Amino acid sequence: MADRAQAKLALDQHELSLKSRKNVVGTGILESPDGSGEAIAVYVSRKEPKADLSAGDMIPKSVELVTEGMKLEVPVRVFDVGGKFEREKL
Amino acid sequence: MSISDKELRLALEVITEGPASRIPRTQIDRTLGMEEFSRESLQVQETSRAWIQSKSVQALGIGEKITNGHVTNEISLRVYVEKKLPEAALETIVPKTLHIPTVGEIVTDVVEIGKLERETFRERVRPIMPGCGLGHADVSAGTFGSVVRKRNGGPERYILSNSHVLANSGLGTPGDPIRQPGKYDGGVEPEDIVARLVEFIPFDYSTNGSPNLVDAAIAEITVPGGSARETRILGTAPNGVSTGLRRGMKVQKVGRTTDHTWGEILDIDARPTIPYPNPNSPGTDLDVRFRDQVLCTRYTAAGDSGSEVRTERDNVVGLHFAGSASTSIFNKIENVFEALDIELDI
């Protein structure tokens, strides 16, 4: 179970890789899907069927945090934000 | 016998339109006949005119009668007033019941709603105030967020909003005029110049990590009369600043486009990627990567950029700047104040 500080560290380690995947518009931290601890959020402009994604664009179910010799699996939640992020001027 | 919504709509028509009411002919023939209806409806219209046109009555409508704060089952003719006054202070009194030809007896309910005004947020407003629309000459329109001052600064007061509202995303130059209303809403120069751009936080377009914290700029208020401290609609200045954010918290803002709305915080560690104009290649965009952002349920729309984000207790927590179809995003206020070395002026 990861706390917020650990989730942030995991985000630092995996952000670049997660953000390079198809439709990913951001990352963040949300509550873990099972309600225990924190999870990495991957914000996508739209969800696509697995069949339409290449292996490199699939978002992993969890990522590994390596810190001070210990390893921790931090869960990943995919969150559809309905489109790209845009600045809100007219 | 209780009256239906439909019958009250007919009654409302008779009261305001008299014999010209658009009442189904069959309804008239079935009840009074045309001649009698014309006579009685004219009488209702004429006797009602005195109270309908009195200064205190602002609107008529239909709704359940509210008695001692409780909504009853009885449908009534609503009479909307700015403020309820004792009968002695009124020039004309709204009758408690009215007899309407073809409908019968209806009850009235006087409801206090405050002063009805034309919405001025997209128009010229003086003094200027947080929550109104404004923008740089090369920007369509955004929102005036907060009134701020420099820490340990002089008497100058500044408008806080986004760089993409006051500084055209960093393409502007200090000294550039800010119009209220914004260009999109008809603001022109020099008549509508209210402030001058002073400082903006430049973007770091690096693709390595997420180096940006804010989309923020300040413009010195130059318009005679300065700015109100109270936010439009709310009528209050913020109490102070809060940095204690958590997921699930409710936040509110007043903006140029969607007025006063509420959202709920989903993520206080968000790192969104957002396209901005490329300063070296006009007409193209470059991704700007942010960290330490607050992602909320959607409660804003285009033109609300720059809005001050407050908690339920009216403490300022952020500066709204972006969103997607189902989310809205704000910069944390401590990052904004730190970057620009400013504080609230309240």
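Below you will find a few notes about this structure. What you see is a predicted model, and the numbers here were worked out from it, not measured in a lab.

Basis of the calculations
- Per chain, the residues get numbers from 1 upward, laid out in the order the sequence is written.
- Starting at A for chains and at 1 for ligands, labels are handed out in the order in which the entities are written.
- With pLDDT at 70 or above as the cut-off, local features in this predicted model cover only qualifying residues; side-chain atom pairs require 80 or more to be listed or tallied, and sums for whole chains, interfaces and linings still use all residues.
- In computing side-chain properties, one takes all heavy atoms of the structure into account and sets aside hydrogens as well as water.
- Residue contacts are defined here by distance: any two heavy atoms, one from each residue, within 4.5 Å place the two residues in contact.
- Buried area: the accessible surface (1.4 Å probe) lost by two parts on joining, summed over both.
- Every case where a carboxyl oxygen of Asp or Glu lies within 4 Å of a side-chain nitrogen of Lys or Arg is listed as a salt bridge.
- The definition of a polar contact used here is a pair of N or O atoms within 3.5 Å, where within protein one atom must be able to donate a hydrogen and the other to accept one, and adjacent residues in sequence count solely through side-chain atom pairs.
- We count a stretch as a helix when DSSP gives it H or I for four or more residues in a row; a strand needs E for two or more, and each element gets its number in order from the N terminus.
- Amino acid classes used here: Ala, Val, Leu, Ile, Met, Phe, Trp, Tyr, Cys and Pro are nonpolar; Asp, Glu, Lys and Arg are charged; the rest, including Gly, are polar.
- Each residue gets one of three labels from its accessible area relative to the maximum for its type: buried under 20%, exposed over 50%, partly exposed in between, using a 1.4 Å probe on protein chains only.
- For helices, the fitted axis covers only the stretch in contact; all axes are lines through C-alpha atoms, and the angles between them, taken along N-to-C directions, range from 0 to 180 degrees.
- An angle below 35 degrees is read as roughly parallel, one above 145 as roughly antiparallel, one from 65 to 115 as roughly perpendicular, and any other as oblique.

A few points about the interface of chain A and chain B
In this complex, chain A contributes 29 residues to the contact, which on the side of chain B involves 43 residues. Interface area lost by chain A to chain B is led by Arg87, Glu88 and Leu90 of chain A, which between them contribute 33%. Scanning the region where chain A abuts chain B turns up seven salt bridges. Ionic pairing is found between Asp269 of chain B and Lys8 of chain A, a salt bridge with its closest N-O pair at 3.4 Å. Between the two partners, chain A and chain B, sit 24 residue pairs in polar contact (both at pLDDT 80 or more). Only α1 (4-19), β1 (24-31), β2 (38-44), β4 (70-80) and β5 (86-87) of chain A provide two or more residues apiece to the side of chain A that touches chain B. Residue composition of the side of chain A that touches chain B, by class: 11 nonpolar, five polar and 13 charged.

Here's the deal with the environment of Gln27 of chain B
All names here are of chain B. Tracing the sequence through the fold places Gln27 in helix α2 (residues 25-30). By relative accessible area, which is 14% here, Gln27 ends up buried. The spacing of Gln27 and Ile3 is 24 residues in sequence and 15 Å in space, taken between C-alpha atoms. Excluding anything up to four places from it in sequence, Gln27 contacts Leu10 and Thr102. Among the polar contacts made by the side chain of Gln27, one reaches the side chain of Arg30 at a distance of 3.5 Å.

Here's the deal with the packing of helix α1 (residues 5-17) of chain B against helix α3 (residues 34-52) of chain B
All names here are of chain B. Contact geometry of α1 with α3 gives a least axis separation of 6 Å together with a crossing angle of 75 degrees. In terms of axis orientation, α1 runs roughly perpendicular to α3. Two secondary-structure elements touch here, α1 through Val14, Ile15, Thr16 and Glu17 and α3 through Phe37, Ser41, Val44, Gln45, Ser48 and Ile52. When the residues that make up the contact of α1 with α3 are grouped by side-chain class, the tally is five nonpolar, four polar and one charged.

Details of the pattern of salt bridges
All names here are of chain B. A full pass over the atoms with the stated rule returns 30 salt bridges over all chains. Note that Asp341 is salt-bridged to Arg151, the shortest N-O span being 3.5 Å. Separated by 190 residues along the polypeptide, Asp341 in the loop between α5 (333-340) and β20 (342-344) and Arg151 in the loop between β7 (146-150) and β8 (158-161) bring together distant segments of the chain. By relative accessible area, which is 27% here, Arg151 ends up partly exposed. When the shortest N-O distance is used, the salt bridge between Glu264 and Lys250 registers 3.4 Å.

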